Every structure is written in structure tokens, then in C-alpha cells.
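As a plain string of letters, each chain reads:
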Amino acid sequence: MHMQMTLQLLVFFVVAIILGILLRRLLKNTAIPYSVALLVLGMLIGSVLDYEVHSPFLHELKSSFLLASQLDANLIMFIFLPALVFESAFSLEVHLFKRMFSQIALLAIPGMVLCTGITALLSLSVLPWHWSVGTALMFGAIVSATDPVAVVSLLKEMCSRARLQTLIEGESLLNDGTAIVLFTLFLGLATQAQAELSFMHVIGEFTRVVSIGVLIGAVVAAISLMFIGSLFNDSLIEIALTLVLPYLVFYLSEHVFHASGVVSVVTLALIYAGPGRTRFSPK
């Protein structure tokens with residue numbers, strides 16, 4: 001049974017990759033964003049999984065997609081998110097990021113708060129579910145945070161201006177801390193677990209989440225760069241470290257210190273891309 005489940009997952013990944021290749025080929029000369037088309041394709045596939053099929057091949061294919069749909073979403077996120085965020089932050093223009101940091105912070109903190117409030121207001125006035133204010137604000141905090149993976153993929157396809165790409169990509173990478181604090185705050189309001197939350201408590205929690213995330217990323221980067229500097233042209237160890245360290249800092253931040261894992265990964269990548277780039281061998 002275990003082998004059967006493994007083979008079904010393998011079938012899902014093979015078929016999903018083939019469908020992605022075919023879809024990208026069909027969209028080659030169109031203006032339709034690839035990620036949006038993938039979303040629509042996934043929704044179409046999900047909508048037809050409820051229908052009965054009589055072909056043995058289609059039944060196996062349906063079973064593989066149903067099994068994949070039952071995978072833990074956190075597992076998928078923890079597998080892909082640290083590596084993709086690290087690659088995105090490592091490829092940022094560090095000097096541009098420093099020059100535009102005030103604009104990026106303005107979008108990532110006050111902009112995120114404003115967007116959360118507007119989304120909550122729209123959900124209260126448009127959606128028919130009669131949510132409480134706390135629930136609407138929690139929904140706004142969830143959907144207002146831009147997904148760094150989706151933003152990075154879209155920008156690499158459609159944007160060629162370095163300043164605009166750095167601004168939007170940097171904001172999508174840094175608004176994670178704001179989203180965590182807002183979600184925790186409004187979750188307490190929605191469940192009445194914490195009816196009274198002061199403004200200073202919110203500021204303190206935001207500072208804790210972001211500062212601990214930055215500290216973990218900086219400490220791991222400093223220790224690893226000292227080790228890399230003691231090597232001589234050993235690209236295998238350097239590649240292995242840059243592969244495993246994003247997952248390490250993400251785990252430490254999210255599960256040990258309950259801080260922002262994305263902020264830790266971004267800090268690690270920016271230190272590597274800036275002062276740490278000369279520590280790596282040319283190869």
C-alpha cells in the first residue's frame with residue numbers, strides 16, 4: 001500500500017510537470033501570465049475530480065490527483081518557500097535595496113495595515129457571511145500579504161525595470177512580519193481570547209517578530225561565512241550550505257523562536273549577496 005501511494009504521487013508530479021510544460025508552450029505568444037493560467041488549470045482539474053471515470057488509466061490518474069490534494073499544505077510550503085525566498089533575495093540588487101529600503105518599509109508596514117483595513121471593510125459590506133469585525137480583519141490580514149513566490153515569478157516574466165522589480169519584490173519579502181502580527185492580533189479579537197490588546201502590545205509583538213528573525217538570519221550568516229572563508233575553492237560544501245541554511249533559519253525562526261521565517265531567510269540571503277559574496281569561490 002505504501003508503494004502504491006508513492007507511485008501515485010510520482011504519477012501526479014510527472015503529469016503535473018508535463019501539463020505545466022504544455023501550458024507554457026501554448027502561452028508562449030500570448031499576454032496571459034503563466035501563474036494565472038496554472039491557477040485556472042488547477043481549478044479546472046479539481047472541478048472534474050468529482051466525476052466518476054471507468055477507464056483504469058483515468059481512475060489511476062484521478063486517484064493520484066486526489067492523493068496529492070490531501071497533502072498537508074504546510075509541508076508543501078516548507079519544502080518550496082525557504083529555497084525560493086532565498087534565491088529571490090540573493091538575486092536582489094543589494095545597493096538598490098539599501099537605497100529603496102524606506103520605500104519598501106513604507107509599503108510593507110503602513111501599506112499592509114491600510115490594505116488589511118480596506119479588505120476587511122469590503123468583506124463586511126460585500127460578502128454575505130455576516131462576519132464580525134475581528135473575523136473580517138483577520139481575513140484582510142490573510143489576503144493582503146502578497147505571496148513572495150507568486151510575485152517573484154510574475155516579475156521575472158513581465159518586469160524589466162530593476163528599481164520597480166526591487167521595490168515590489170522587496171515589499172513582498174518583508175511584509176511577512178507585519179502579516180504575522182496582524183493575523184495574531186485579529187485572531188485574538190475574533191475568538192475573544194484577548195479582548196483587550198493595546199497599541200504598544202502590537203508594536204512590541206511586531207518588533208519581536210522582525211528583530212528575532214533578523215538576528216537569527218544574521219547570526220547564522222556570520223557563522224557560516226566564517227566557515228566558508230576557511231575553505232579554499234570547495235564549491236560542493238558552499239552549494240550544500242546555501243541549500244540547507246535557508247531551511248535551518250526558517251525552522252529556527254518559525255518553530256523555535258516563533259518569529260518570522262521569511263525575514264530570517266531574507267536577512268541570510270542579503271548578507272550572502274552583499275558582504276558575503278566575496279567569501280565564495282569563483283567556481
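Residues numbered from 1 in each chain as written. Predicted model: local features only at pLDDT ≥ 70, side-chain atom pairs only at ≥ 80, totals over all residues. Heavy atoms only, no water.

1. Focus on the overall build of the protein
In step 1: Within the protein, the regular secondary structure consists of 13 helices and zero strands.
In step 2: Listing every helix and strand of the protein by position from the N terminus yields α-α-α-α-α-α-α-α-α-α-α-α-α.
In step 3: If you line up the protein on its principal axes, its C-alpha atoms span 60 × 55 × 45 Å.
In step 4: Taking contacts inside the protein between residues at least 6 apart in sequence as the whole, the part at least 24 apart equals 73%.
In step 5: Taking the 13 positively charged and 16 negatively charged side chains of the protein as two groups, their mean positions are separated by 14 Å. (Helix = DSSP H or I, 4+ residues; strand = E, 2+ residues; numbered from the N terminus. Contact = heavy atoms within 4.5 Å. Lys, Arg positive; Asp, Glu negative; His and termini not counted. Charge placed at Lys NZ, Arg CZ, Asp CG, Glu CD.)

2. Side note on the packing of aromatic side chains
In step 1: Taken as a whole and assessed by the stated rule, the structure comprises nine aromatic pairs.
In step 2: Ring pairs connect the aromatic residues Phe86, Phe90, Tyr272 and Phe280, which therefore count as one cluster.
In step 3: If you follow arginine 24 out to its NZ or CZ, it ends over the ring of tyrosine 34, 5.0 Å from the centre. (Phe/Tyr/Trp six-rings, centres within 6.5 Å; stacked < 30°, edge-to-face > 60°. Lys NZ or Arg CZ within 6 Å of the ring centre and 35° of its normal.)

3. Things to note about unusual backbone geometry
In step 1: Even without being a glycine, histidine 130 presents a positive backbone phi close to 55°.
In step 2: Inspection of the secondary structure puts histidine 130 in the loop between helix H7 (110-126) and helix H8 (133-144).
In step 3: Note on histidine 130: relative accessible area 76%, which makes it exposed.
In step 4: With phi around 55°, histidine 258 is a residue other than glycine that occupies positive phi space.
In step 5: Following the sequence through the fold, histidine 258 ends up in the loop between helix H12 (235-256) and helix H13 (261-273). (Buried < 20%, exposed > 50% of the residue type's maximum accessible area, 1.4 Å probe, protein only.)

4. A word on the side chain of threonine 119
In step 1: Within the element layout of this structure, threonine 119 appears in helix H7.
In step 2: Threonine 119 gets classed as buried once you look at its relative accessible area, which sits at 17%.
In step 3: Leave out the neighbours within four places in its chain, and threonine 119 touches Phe139, Gly140, Val143 and Ser144.

5. Notes on the packing of H12 against H13
Pairs of packed helices are described in terms of their axes, by the angle between the two and the distance that separates them.
In step 1: Across the interface, H12 lies against H13 with an axial gap of 7 Å and an inter-helix angle of 145°. H13 is crossed by H12, and the crossing has right-handed handedness. Contacts between H12 and H13 involve Thr242, Leu245, Pro246, Val249, Phe250, Ser253 and Glu254 on the former and, on the latter, Gly261, Val262, Ser264, Val265, Leu268 and Tyr272.
In step 2: By residue class, the composition of the contact of H12 with H13 is eight nonpolar, four polar and one charged. (Axes fitted to C-alpha atoms, helices over the stretch in contact; angles between N-to-C directions. Left-handed = near helix turned anticlockwise from the far one by under 90°. Nonpolar A, V, L, I, M, F, W, Y, C, P; charged D, E, K, R; others polar.)

6. A closer look at H8
In step 1: Compared with an ideal rise of 1.5 Å per residue, which puts twelve residues at 16 Å, H8 spans 16 Å between its outermost C-alpha atoms and is within 8% of the ideal.
In step 2: Regarding H8, the residues found buried are Gly134, Ala136, Leu137, Met138, Gly140, Ala141 and Ser144.
In step 3: Contact partners of the buried residues in H8: H7 and helix H10 (162-191). (Expected span 1.5 Å × (residues − 1).)

7. Details of the environment of methionine 226
In step 1: Looking at where methionine 226 falls in the secondary structure, it is placed in helix H11 (residues 199-229).
In step 2: Judged by relative accessible area, methionine 226 falls into the exposed class, the value being 62%.
In step 3: A sequence separation of 53 residues divides methionine 226 from arginine 279, and the C-alpha atoms of the two residues are 8.6 Å apart.

8. Concerning the confidence of the model for the protein
In step 1: In this model, the protein carries a mean pLDDT of 85, and residues with pLDDT of at least 70 account for 92%.
In step 2: Within the protein, H7 carries the highest mean pLDDT (93), whereas helix H9 (residues 148-158) carries the lowest (66). (pLDDT = per-residue confidence, 0-100.)

9. Observations regarding the packing of helix H4 (residues 73-90) against H13
In step 1: Where H4 contacts H13, the axes come no closer than 8 Å and their chain directions differ by 40°. Accordingly, the angle class assigned to the pair H4 and H13 is oblique. Crossing handedness for the pair H4 and H13: right-handed. When H4 is examined against H13, the residues Leu81, Pro82, Val85, Phe86, Ala89 and Phe90 are found in contact with a partner set consisting of Val262, Val265, Val266, Leu268, Ala269, Leu270, Tyr272 and Ala273. (Parallel < 35°, antiparallel > 145°, perpendicular 65-115°, else oblique.)

10. Description of the nonpolar core
In step 1: Residues Val85, Val266, Leu268 and Tyr272 are the most contacted members of the largest nonpolar core, which totals 30 residues.
In step 2: Elements represented by at least two residues in this core include exactly H4, helix H5 (94-99), helix H6 (101-108), H10, H11, H12 and H13.
In step 3: The leading source of residues in this core is H13, at seven residues.
In step 4: Of all hydrophobic cores here, the second largest spans 14 residues; its members include Ala120, Ala179, Leu182 and Leu185. (Core = buried A, V, L, I, M, F, W, Y, C linked by side-chain atoms within 4.5 Å.)

11. Describing the pattern of salt bridges
In step 1: Enumeration according to the criterion identifies one salt bridge in this entry.
In step 2: In this structure, the salt-bridge partner of glutamate 205 is arginine 208, at a minimum N-O distance of 3.0 Å. Separated by three residues within a single helix, glutamate 205 and arginine 208 lie in helix H11, roughly one turn from each other. (Salt bridge = Lys/Arg side-chain N within 4 Å of Asp/Glu carboxyl O.)

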